[in-house]
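# Descriptive analysis of the structure
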Amino acid sequence: LPEIEFRNVSFFYEEAGEDILKSISFTIRPGEKIALVGHNGAGKTTLVKLLCGFYHPTGGEILIGGRSIETLNLDQYHELLAVINTVPVSIASNISAHVEAETDMEKVRECLHRAGLWKDVEALERKELTNLTQNFDPDGIQLSGGTMQKLMLARCLYKDAPMLVLDEPTAALDPIAESNMYEEYKSATRGKSALFISHRLASTKFCDKILFMENGRIMETGTHDELLKKKGKYAEVFE
């Protein structure tokens with residue numbers, strides 16, 4: 001994956017009447033783990049939508065390998081990212097993002113094991129072929145928040161993309177489950193670039209760099225230990 005750089009990026013929502021993001025600058029180097037943290041409403045999810053090319057900056061620029069994201073073929077760019085969503089098809093197809101005929105079922109089961117979800121899936125009558133939601137299948141199932149997040153981890157593992165972008169990946173989990181999940185993320189992102197977005201700080205200790213956001217700005221940057229020593233806003237929130 002090439003280097004990703006946000007260079008003085010701003011973004012304006014007309015409904016808000018002001019910039020949601022203000023002069024954001026940071027770099028994600030190949031293989032680097034970044035934690036983007038801050039309270040709800042700090043601008044974290046808007047930043048992710050810009051990174052994925054869903055929104056366009058209203059100021060500054062986003063560079064991918066030195067080239068403006070505006071000049072890239074977004075379909076090819078998205079192949080480098082692990083995209084997180086669900087559709088009303090089978091568990092296996094949700095993990096592979098392909099129809100079942102084009103899905104490696106053995107790899108699906110391996111990813112379910114690694115994500116800590118196989119026991120739940122194995123207990124289902126149709127196992128990994130069980131459909132999600134009842135939109136098109138009255139026998140489909142609805143996953144809980146915590147189970148859905150494990151499914152998304154399995155999808156990340158299956159795609160094996162060089163860049164993972166995880167927006168609140170453990171928000172529905174209790175602290176022990178969250179800690180276990182982050183150990184899986186740590187293993188899954190070995191040798192890859194990763195951006196973890198959260199208002200909880202469990203993701204920060206194993207990341208190479210932390211960006212603490214507040215009111216649309218990056219207020220503090222550093223490792224977990226460096227930011228604790230600064231005794232600034234990050235340290236206050238962590239304590």
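These figures come from a predicted structure and were not determined experimentally. Residue numbers restart at each chain and count upward from 1, following the sequence in its written direction. Confidence filtering applies because this is a predicted model: local features only for residues at pLDDT of at least 70, side-chain atom pairs given and counted only at 80 or more, and all residues used for totals across whole chains, interfaces and linings. Computation of side-chain values covers all heavy atoms of the structure but excludes hydrogens and water.

Per the convention used, a helix needs a DSSP run of H or I reaching at least four residues, while a strand needs a run of E reaching at least two, with both numbered from the N terminus. In terms of regular secondary structure, the protein chain is built from nine helices and 10 strands. The globule rule used here is 2.2 Å times the number of residues to the 0.38 power, and the radius of gyration it is set against is calculated over C-alpha atoms. Its C-alpha radius of gyration of 19 Å places the protein chain within 12% of the 18 Å reference for a compact globule of 239 residues. Seen through its principal axes, the protein chain has C-alpha atoms that stretch 50 × 40 × 35 Å. Buried means the residue's accessible area, taken with a 1.4 Å probe over protein chains only, is under 20% of the maximum for its type, while exposed means over 50%, and partly exposed covers the values in between. Of all 239 residues assigned to the protein chain, the portion counted as buried reaches 47%. Of the roughly 12,000 Å² of accessible surface on the protein chain, 47% is carried by carbon and sulfur atoms. In the protein chain, which carries 27 positive and 36 negative side-chain charges, the distance between the mean positions of the two groups comes to 5 Å. In this description, accessible areas are obtained by the Shrake-Rupley approach with a 1.4 Å probe, and a residue is regarded as covered only by the protein chains that are shown. Positive charge is attributed to Lys and Arg, negative charge to Asp and Glu, and no charge count is given to His or to the chain ends. For the purpose of locating charges, the reference atoms are NZ of Lys, CZ of Arg, CG of Asp and CD of Glu.

A strand pair is defined by DSSP finding two or more bridges across the two strands. A sheet is described by the order of its strands in space; here six strands give the open sequence β6-β7-β8-β3-β9-β10, paired in mixed fashion. In this open sheet, the two strands that pair with only one neighbour each are β6 (81-82) and β10 (217-222). Taken together, the two bridges between β6 and strand β7 (residues 163-167) define a ladder with parallel strand orientation. Paired with L81 across the strands is M163, a residue of β7. Along the sheet, helix α1 (residues 44-51) makes contact with β3 (33-37), β7, β8 (193-198) and β9 (209-214), crossing β8 at roughly 150°. Contact between two residues is taken to exist if any of their heavy atoms lie within 4.5 Å; hydrogens are not considered. Think of each axis as a best-fit line through the C-alpha atoms, taken over the contacting stretch in the case of a helix, with angles from 0 to 180 degrees between the N-to-C directions.

Turning to the nonpolar core, a few remarks are in order. For the purposes of this section, nonpolar cores are sets of buried Ala, Val, Leu, Ile, Met, Phe, Trp, Tyr and Cys residues that join through side-chain atoms within 4.5 Å. If you look at the biggest cluster of nonpolar residues, it comprises 39 residues, and the most contacted ones within it are I95, L112, L151 and F196. Tallying contributions element by element places helix α6 (residues 145-159) first for this core, with seven residues. Each residue touching I95, except ones within four places of it in the same chain, is listed here: V108, L112, L151, A154, R155 and Y158. One finds F6, V9, I24 and F26 within the second-largest nonpolar core, a separate group that totals 28 residues.

What follows is about α1. Burial of α1 is extensive: six of the eight residues sit out of reach of the surface. Trailing α1 by a residue or two, G53 shows a phi angle of about 85°, which is positive.

Attention now moves to the state of the cysteines. Disulfides are defined as pairs of cysteine sulfur atoms found within 2.5 Å of each other. For the coordinates displayed, the defined rule picks out zero disulfides. There is no disulfide at C111, and the cysteine sulfur nearest it, in C156, is 9.9 Å away. In this structure C156 comes out as buried when scored by relative accessible area, which is 3%.

Attention now goes to the side chain of T130. Of note, T130 is situated in the loop between α5 (118-122) and α6. What makes T130 buried here is its relative accessible area of 6%. Within the local environment of T130, its side chain forms a polar contact with the backbone oxygen of K127, the two atoms lying 2.7 Å apart. With near-sequence residues (within four places) excluded, T130 lies in contact with V89, S90, I91, L124 and I141. Any pair of nitrogen or oxygen atoms within 3.5 Å is treated as a polar contact; in protein, a donor-acceptor pairing is required on top of that, and neighbouring residues in sequence qualify only through side-chain atoms on both sides.

Bridge count for β9 against β10 is five bridges, and the pairing is antiparallel. Bridge pairing in β10 links F212 to E220. Between β9 and β10, which pair antiparallel one after the other, the connecting turn spans two residues, and N215 there sits at a positive phi close to 50°.

The next thing to look at is the packing of aromatic side chains. Aromatic rings from Phe, Tyr and Trp, taking only the six-membered ring of Trp, are treated as a pair when their centres fall within 6.5 Å; an angle between ring planes under 30 degrees marks them as stacked, one over 60 as edge-to-face, and anything in between as tilted. For the structure on display, the rule yields six aromatic pairs. Arranged with centres 4.9 Å apart and planes meeting at 90°, the rings of F11 and Y13 form a pair that is edge-to-face. Given the relative accessible area of 8%, F11 is considered buried. Residue classification places Y13 among the partly exposed residues on the basis of a relative accessible area of 22%. With 6.4 Å between their ring centres and 85° between their planes, F212 and Y234 make a pair best called edge-to-face. Placement of the pair is F212 in strand β9 and Y234 in helix α9 (residues 233-238), with a sequence separation of 22 residues. Of the two residues, F212 and Y234, neither departs from the other in class, the shared state being buried. Linked through ring pairs, F11, Y13 and Y55 together constitute an aromatic cluster. By definition here, charges over rings are those cases where NZ of Lys or CZ of Arg is within 6 Å of the ring centre and within 35 degrees of the ring normal. Against the face of Y158 rests K107, its NZ or CZ located 4.6 Å from the ring centre.

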